[in-house]
Structures are given as C-alpha cells and as structure tokens.
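# Remarks on the overall topology
Spelled out from the first residue to the last, the chains are:
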Amino acid sequence: MSDDPRAPQPGAEHLAEPLRSRWSPSVYDAAHRLGADEVETLLRAAQWAPSKGNTQPWALIVCVPGTPGHDRLVASLSRGNAGWVPRASVVFLTVAHVRDGDGPDAPEHSDLALYDVGQAAAHLTLQARAMGLHAHQFAGFDHDALADALGVPSSHQLLTGIAVGVPGDAREVDERTAARDHRDRTRRPLSEWAFAGRFGEPYETDGTPGTTP
Ligand SMILES: Cc1cc2nc3c(=O)[nH]c(=O)nc-3n(C[C@H](O)[C@H](O)[C@H](O)COP(=O)(O)O)c2cc1C
C-alpha cells in the first residue's frame, strides 16, 4: 500500500518513486528558500529531458522571491493562483521556442516543441520530488503581459509556471487556499483512454487488484 494518503488510487502502489508521492500542493512554506545548487540541479533535470531530434526547444526563466522577475510574475497571477504561488521557494517559467525568426509568418521551429517543453517540465517536477521538494505547475496568469514584462521574444511562447518548495502551515493562508490541499485527487479511468491497437478499442487490463480502473 502507498505510504502517502494523497497518492493516487487505485494503482499507486505499483508506481515507482518519485511518481508515487507526487502531487501539487498549494500551501507552501513562504520562509523556505532553495540553494543555488538545488536550483541548478532542477535545471539539469530539464536539460537532460529527451526531445525531438534533440532540439531542446525550451527556455526556463527562474523567478526567485524578492527579485524583479518574481514581482512581475506575481503581478500577472490570476486570482486563483495569487494566494499560493508567491509563497513557493522558486518559480520556473517555461517557454517554448516555437518559431525561427520574428513575426507570425516565421517558420515553425519544431512541430513537437510544446510536447518537448512539457516533458522537460515533467522531468523537473519529478526531480523536485526526488529531492524532497514539491512542484505545482500553473497556467493561470496573464501570458501576454508577463511575456512582455520579461522580454520574451515573439519567436518564443510563454507557457506555464512551475512553483517549487516545501509544504507550509495551512494556518498562514486564507481558507480557500488551505482547502485546495484537501481536494480529492481523481483521474479518468484507463478504459476511457487506454486503447488496444486501434483508437477507441479499450485496452483490457489483466484485472490485477489495484490496476483498474
Ligand atoms: C499545464 C498545467 C496548468 C495548470 N494550471 C494550474 C493553475 O493555473 N492553477 C492551479 O492551481 N493548478 C494548475 N495546474 C495543476 C493541476 O490542476 C493539477 O496538476 C491537477 O489538478 C492534478 O493534481 P495533482 O498534480 O495533485 O495530481 C496545472 C497543471 C498543468 C500541468
């Protein structure tokens, strides 16, 4: 059985760490800071992610609390994210290299750039968990305003933030933010999206307890 009450069920017991204990907390310890070596290790996890043709079409903007970049990020956050993102130890903004050149007619950099950036983000997220940290990705912010404020060129697309830190005291945040960490974690069943050889034909699991739905 899983040792983490928030671990996904069913099936969690068959997952390897750090997948098993990964989840996205919203109550961070605002006093916690990461060392420069830890930030670098997280960047290395993204660096060594696979990508189509090894194009590595990502850029990450590191936003540390108390710096102008972080202030700009905080100013752009949606209402739902403003209560928790600023308390994270560090935020990585993910950016995709989408066009070679400026302007909307410039050629596509890679047809799978967004896929590759997502994978780099996943690697960083799991590395964080392996280091005893947590990561919570978010897309709720004013992308245009923040891209402009941070000087993201038109050849690139600002995608998401990854807030990294350690869990904090729920009494230090508003009730709504605190409640977020107690929401049920659910997933669509495998029968809806795991197909056998042809789209729409359900892949039948072998019925081992805990592996379905
Ligand atoms: C691309 C992306 C965008 C997301 N945007 C937000 C967001 O703006 N605010 C938020 O609180 N969580 C956001 N999340 C977190 C998801 O809501 C969360 O991963 C999902 O509910 C599953 O929960 P879990 O990560 O704990 O398994 C986002 C996650 C991803 C991957």
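Let me begin by describing the structure that accompanies this report. (Residues numbered from 1 in each chain as written. Predicted model: local features only at pLDDT ≥ 70, side-chain atom pairs only at ≥ 80, totals over all residues. Heavy atoms only, no water.)

Two elements in contact, helix H1 (residues 36–47) and helix H4 (residues 113–130), have axes separated by 7 Å at closest approach and are oriented at 140 degrees. Judged by the angle between their axes, H1 and H4 are oblique. Of the two possible hands of crossing, H1 and H4 adopt the one that is right-handed. Mapping the contact onto sequence places Thr41, Leu42, Ala45 and Ala46 in H1 and Ala120, His123, Leu124, Gln127 and Ala128 in H4. (Axes fitted to C-alpha atoms, helices over the stretch in contact; angles between N-to-C directions. Helix = DSSP H or I, 4+ residues; strand = E, 2+ residues; numbered from the N terminus. Parallel < 35°, antiparallel > 145°, perpendicular 65-115°, else oblique. Left-handed = near helix turned anticlockwise from the far one by under 90°. Contact = heavy atoms within 4.5 Å.)

Neighbouring the ligand are 14 residues, the closest being Ser24, Asn81, Arg180, Arg185 and Arg187. A distance of 2.8 Å separates a nitrogen atom of the ligand from a polar atom in the side chain of Asn81. Arg180 places a polar side-chain atom, nitrogen or oxygen, 2.2 Å from an oxygen atom of the ligand. Element by element, the count of residues in the shell around the ligand is highest for strand S3 (residues 134–138), at three residues. (Near = heavy atom within 4 Å. Polar contact = N/O pair within 3.5 Å; in protein donor to acceptor, adjacent residues only side chain to side chain.)

Let us look at the sheet that holds strand S2 (residues 90–97). A sheet is described by the order of its strands in space; here four strands give the open sequence S1-S2-S4-S3, paired in antiparallel fashion. Across the chains shown, the open sheet's two edge strands, defined by having one partner strand only, are strand S1 (58–63) and S3. Going from strand to strand, the sheet's axes swing by 25 degrees on average, the running direction of each strand aside. Sheet topology note: the S1/S2 ladder contains six bridges and is antiparallel. Note that in S2 the partner of Cys63 across the bridge is Val91. (Pairing = 2+ DSSP bridges.)

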